[in-house]
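What follows is the residue order along each chain.
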Amino acid sequence: MTKIKEVIAVLENLAPLVWQESYDNAGLQTGNPNDEVKGVLITLDCTPEVVDEAILHNCNLIVAHHPVIFKPLKRLTGSNFVEQTIIKAIQHNIAIYASHTNLDSVIGGVNSKIAQKLGLENVSILSPKSDALLKLVTFVPQENTEAVLQALHEAGAGQIGEYKNCSFQITGEGRFMPTGSANPTIGEIGKPEKVLENRVEVILPSHLQNRVLAALFKVHPYEEVAYDIYALKNANQVVGAGMIGEIPIALGYPDFLEELKQNMGLSTVKHTVHGPGMIKRVAICGGAGSFLLNDARRQLADVFITGDMKYHEYFQAEGHMHICDIGHYESEVFTKEIFYDLISENFSNFAVLLSEINTNPVRYS
Ligand SMILES: [Zn+2]
């Protein structure tokens, strides 16, 4: 038996909710996380038709990319598709979970999937998140250093890019005097003490602070653990908006457009005029990515692929970069594969289905 919250834990292990943008509303939208999962239906958008599909296939968990509740609801009368979707889901005891801008921001998320479809190499985050890292410094008796380090790493500290278990230490002398009702591991009440200690430093993502400190307090031998937490200005290279990479062999623009259409299953692309030069560096952002135009230009992208571009934004390319608007839905539709692979790799005791409904509200004629 699997509970809904266990499926959510797997999704949030890839894309923690803490990485969602401030305007977003990702997470569990309806349903009881303690219910047993009977079946999962995967979709980009949750509509009343998708809820009907879940009912038909006996799925009581819908995993979507876009949150159906985005703005706060003041009433639930069924007057629009959002309210109709929620009412129907609740009536049929169906949980709806959305993994949105948090999934846009992580390696292995929306943009990794586009990069994979385009065959990009040397991929990195286009606009890495800043103010999301902390430094923990603590002082540990030498003989306990390995155990403390192991606990900190297991709690998620010490990851720098593709390197894990990173730390720094230097040996020095710690001094203290136990007083009052202290119960010291080393030393006696009222007597100054000197201990050979290691100063241990590790980096950690800010959302793991409580977990890492709890691990420290559990393993560190002292009654009072001395530690410092520093906020870092470093950008987190593995979390942020958009991605940039390179196609293996440079292509002329017309050939690149043909490949793009083929790889992303497109019938049409809106794009800037054909310019000279070859396409090699490709910036991408699933969904509405115009806020990353300057980042793409700064990082010398030959082309920026996204959705929802406005007329005047095409001018911002200014002949330095091509822009391709492949459509919001089209840029994100393969996100469903991320959910499918993740859930079916981790669970085998219920069905995982891809919705067959095309929820794209935009059509081309
Ligand atoms: Zn989107």
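Everything quoted here is computed from the prediction, not taken from an experiment.

> What am I meant to see in the coordination of the zinc ion here?
Where a metal carries four tetrahedral donors, each ideal angle is 109.5 degrees; where it carries six octahedral donors, the ideal angles are 90 or 180 degrees. Protein ligation of the zinc ion involves His66 (NE2), His328 (NE2), Glu332 (OE) and Glu332 (OE), the donor distances falling in the range 2.1 to 2.5 Å. Metal-centred angles of 54 to 126° between the four donor atoms at the zinc ion mark the site as irregular. Read in sequence order, the donor residues coordinating the zinc ion give the pattern H-x261-H-x3-E. Of this pair, His328 and Glu332 both sit in helix α11 (residues 328-332), four residues apart, which is roughly one turn of the helix. Overall, the relative accessible area of 25% leaves His328 in the partly exposed class.

> I tried to follow a nonpolar patch on the surface on my own but got confused; where do I start?
Taken together, the side chains of Leu73, Leu76 and Ile90 make up a nonpolar region of the molecular surface, amounting to roughly 250 Å² of accessible area. Summarising the element assignment, Leu76 is placed in the loop between β3 (61-64) and α3 (81-91).

> Help me out: how do you make sense of the packing of aromatic side chains in this one?
Aromatic ring pairs: the centre-centre distance and the angle between the two ring planes describe each pair. Per the stated rule, a full pass over the model turns up five aromatic pairs. Consider the rings of Tyr23 and Phe70, whose centres lie 6.4 Å apart with planes at 70°: the pair is edge-to-face. Remark: Phe70 occurs in the loop between β3 and α3 and Tyr23 occurs in the loop between α1 (4-14) and β1 (27-30); sequence separation between them is 47 residues. With a relative accessible area of 38%, Phe70 lands in the partly exposed category. Seen in terms of ring centroids, Phe176 and Tyr222 are 5.7 Å apart; in terms of plane orientation they differ by 70°. Their pairing is edge-to-face. With Phe176 in strand β7 (residues 168-176) and Tyr222 in the loop between α7 (209-219) and β9 (227-232), the pair connects residues that are 46 residues apart, well separated along the chain. Given the relative accessible area of 26%, Phe176 is considered partly exposed. Tyr222 gets classed as buried once you look at its relative accessible area, which sits at 14%.

> For this particular structure, what's the right way to read the pairing of strand β2 (residues 39-43)?
Each regular strand displays side chains that alternate between the two surfaces of the sheet. Most of β2 is tucked away, with five of its five residues classed as buried. Residues Gly39, Leu41 and Thr43 of β2 are buried on one face, and the alternating residues Val40 and Ile42, pointing to the opposite face, are buried as well. Bridge count for β2 against strand β15 (residues 351-354) is four bridges, and the pairing is parallel. From the neighbouring strand, Ile42 faces β15, where its bridge partner is Leu354. Pairing of β2 with β3, which is carried by four bridges, proceeds in the parallel orientation. Pairing of Leu41 across the sheet is with Ile62, part of β3. As for the winding sense of the linkage, the β-α-β connection from β2 through helix α2 (residues 48-56) to β3 is right-handed.

> How should I be thinking about the environment of Glu201 in this particular structure?
Mapping Glu201 onto the fold places it in strand β8 (residues 193-205). It is 24 Å that separates the C-alpha atoms of Glu201 and Met177, two residues lying 24 residues apart in sequence. With sequence-adjacent residues up to four places away left out, Glu201 is seen in contact with Lys135, Leu136, Val137, Ser167 and Phe168. Within the structure, Glu201 has its side chain in polar contact with the side chain of Arg199 (distance 3.0 Å).

Conventions and cut-offs
Residues numbered from 1 in each chain as written. Predicted model: local features only at pLDDT ≥ 70, side-chain atom pairs only at ≥ 80, totals over all residues. Heavy atoms only, no water. Donors = N, O, S within 2.8 Å, 3.2 Å for Na, K, Ca; no water. Tetrahedral: all angles 85-135°; square planar, octahedral: opposite > 155°, others 65-115°. Helix = DSSP H or I, 4+ residues; strand = E, 2+ residues; numbered from the N terminus. Buried < 20%, exposed > 50% of the residue type's maximum accessible area, 1.4 Å probe, protein only. Patch = residues over 30% accessible without salt bridge, like charges linked within 9 Å, V, L, I, M, F, W, Y side chains within 5 Å. Areas by Shrake-Rupley, 256 points an atom, 1.4 Å probe, with all protein chains shown as cover. Salt bridge = Lys/Arg side-chain N within 4 Å of Asp/Glu carboxyl O. Phe/Tyr/Trp six-rings, centres within 6.5 Å; stacked < 30°, edge-to-face > 60°. Pairing = 2+ DSSP bridges. Right-handed = clockwise from strand over helix to strand, strands pointing away. Contact = heavy atoms within 4.5 Å. Polar contact = N/O pair within 3.5 Å; in protein donor to acceptor, adjacent residues only side chain to side chain.

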